[in-house]
Amino acid sequence: MADHQKIHPVSVPEQEALPKPTAPLVPRGSSRSENGDPERQQPPQLKRSLTPYSPLKPPKKRCCCKRCLCWTCCLFFLLIILLGIAAAVIYFVFQPKIPKYSVDSMRITQLNLNNDTSLSATFNVNITARNPNKKIGIYYENGSHLSVWYKGTNLCEGSLPKFYQGHKNTTILNVNLTGQTENATNLLRLLQEDQQTGKIPLNIRVKVPVRIKLGKLKLMKWKFLLKCRLNVDSLSPNNVIRIRDNRCKVRFRF
């Protein structure tokens, strides 16, 4: 009878624990180490400091102001260009010329020193207005003022009539002026001294509102400022007064 084989349990020795490595598993220069990812190990404050800075955008109001200023300047320069073009067209088409004026004659009906030392004066002046323009008319409006001055003193004053002066027209205006000057004793003495020399300086000032007519177009109201300097030989009432010289200048004002 065959012998029965006996099976005895054999104890298997336990696997020895592997020694801990003494050197890093990842070579030097690598992005990882035995302590993990360095970027994940940094504190959150350091992460925020490395975030790139983005500058703040300027406010929209400043851009709107710059845009409005730019448009305003463009419109202003455009207006200047249009006005220049209009002035050039008017100049070449209508060829405007300045009106001419002269004081042709003067007559004194009263120049007396009153008992209260005031001086009463009444003058009659003839002024010639010439319009040399071929395509421009002049409307002389109400509200004009004419005065006669002697050494800074207003002797008398009056106004021009309202009328229309057409193209290439010459108009003679007859104007009556009256006035009274207080405390005129010294003024009359100076007049008598100049009368002995035969040269009395007078200034005539005229302010008159006018409207210019270009063809059929009537422009806005302007003001003519006329200043005439003349020398006369005498200021004796009811005598013929001779005007030695006569110089008139015209200015325009809106």
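Residues numbered from 1 in each chain as written. Predicted model: local features only at pLDDT ≥ 70, side-chain atom pairs only at ≥ 80, totals over all residues. Heavy atoms only, no water.

This part takes up a positive patch on the surface. Judged by side-chain charge, K162, R205, K207, K218, K221, K223, K227, R229, K249, R251 and R253 come together as a positively charged surface patch. Note that K221 resides in strand β9 (residues 217-232). By relative accessible area, K221 is classed as partly exposed at 41%. (Patch = residues over 30% accessible without salt bridge, like charges linked within 9 Å, V, L, I, M, F, W, Y side chains within 5 Å. Areas by Shrake-Rupley, 256 points an atom, 1.4 Å probe, with all protein chains shown as cover. Salt bridge = Lys/Arg side-chain N within 4 Å of Asp/Glu carboxyl O. Lys, Arg positive; Asp, Glu negative; His and termini not counted. Charge placed at Lys NZ, Arg CZ, Asp CG, Glu CD. Helix = DSSP H or I, 4+ residues; strand = E, 2+ residues; numbered from the N terminus. Buried < 20%, exposed > 50% of the residue type's maximum accessible area, 1.4 Å probe, protein only.)

Nonpolar side chains tend toward joint burial in soluble globular proteins. The biggest cluster of nonpolar side chains holds 45 residues, and the ones touching the most others in it are F123, Y140, L202, I204, L230 and L235. With 8 residues, strand β8 (residues 200-214) is the single largest residue contributor to this core. Here L235 is in contact with I108, L111, F123, L191, Q195, I200, L202 and I241, once residues within four sequence places are set aside. (Core = buried A, V, L, I, M, F, W, Y, C linked by side-chain atoms within 4.5 Å. Contact = heavy atoms within 4.5 Å.)

On to the packing of aromatic side chains, then. On inspection of all chains with the given rule, the structure shows 7 aromatic pairs. Seen in terms of ring centroids, F224 and F252 are 4.8 Å apart; in terms of plane orientation they differ by 75 degrees. Their pairing is edge-to-face. One end of the pair, F224, is in strand β9; the other, F252, is in strand β10 (residues 243-253), with 28 residues separating them in the sequence. Through a chain of ring-to-ring contacts, the aromatic side chains of Y101, W222, F224 and F252 assemble into a single cluster. One Lys or Arg, R205, reaches over the ring of W149 and ends 4.5 Å from the middle of that ring. Of note, K218 hangs over the ring of Y139, and the distance from its end group to the ring centre comes to 4.1 Å. (Phe/Tyr/Trp six-rings, centres within 6.5 Å; stacked < 30°, edge-to-face > 60°. Lys NZ or Arg CZ within 6 Å of the ring centre and 35° of its normal.)

Let us look at the UniProt feature "transmembrane region" (unreviewed entry) in the chain. Within the UniProt annotation, "transmembrane region" (unreviewed entry) is assigned to residues 68-94. In the segment residues 68-94, helix accounts for 100% and strand for 0%; the C-alpha atoms at its two ends are 38 Å apart. (UniProt positions renumbered as here; feature names shortened; annotations may be inferred.)

So, on to the side chain of T171. Residue position: T171 is located in strand β7 (residues 169-181). Among the polar contacts made by the side chain of T171, one reaches the side chain of N169 at a distance of 2.6 Å. (Polar contact = N/O pair within 3.5 Å; in protein donor to acceptor, adjacent residues only side chain to side chain.)

Enumeration according to the criterion identifies 1 disulfide in this entry. Covalently, C228 is tied to C248 through a disulfide, its sulfur atoms 2.0 Å apart. Torsion about the S-S bond of the C228 and C248 cystine: about 115 degrees, corresponding to right-handed handedness. Linking C228 in strand β9 with C248 in strand β10, this pair joins segments that are 20 residues apart in sequence. For C228, a relative accessible area of 3% puts it in the buried group. No disulfide involves C74; its sulfur sits 4.3 Å from the nearest other cysteine sulfur, which is in C70. (Disulfide = S-S within 2.5 Å.)

Within the secondary structure layout, D194 lies in helix α4 (residues 185-197). Among all residues touching D194, those that are not within four sequence positions of it are Y150, K151, K199, I200 and P201.

Here we come to the pairing of strand β4 (residues 145-150). Look at any regular strand and the pattern is simple: side chains alternate between the two faces of the sheet. Sheet analysis places β4 next to β8, joined by 5 bridges and oriented antiparallel. Following the sheet pairing, L146 is matched in β8 by V206. (Pairing = 2+ DSSP bridges.)

Attention now goes to unusual backbone geometry. Negative phi is the rule for most residues except glycine; trans is the rule for most peptide bonds. Its identity is not glycine, yet K168 carries a phi of approximately 50 degrees, on the positive side. Considering the arrangement of structural elements, one finds K168 in the loop between β6 (163-165) and β7. Of note, the phi angle at N183 is positive, near 50 degrees, even though the residue is not glycine. Within the secondary structure, N183 is located in the loop between β7 and α4. Owing to a relative accessible area of 66%, N183 belongs among the exposed residues under this scheme.

This paragraph deals with a nonpolar patch on the surface. On the surface, L75, L78, I81, L82, I85, V89 and V93 cluster together into a nonpolar patch covering about 640 Å² of accessible area. Looking at where I81 falls in the secondary structure, it is placed in helix α3 (residues 60-94).

One ladder, built from 14 bridges, connects β8 with β9; its direction is antiparallel. Considered in β9, the bridge of P201 is made with N231. Two successive antiparallel strands, β8 and β9, enclose a turn made up of 2 residues, where G215 displays a positive phi of approximately 65 degrees.

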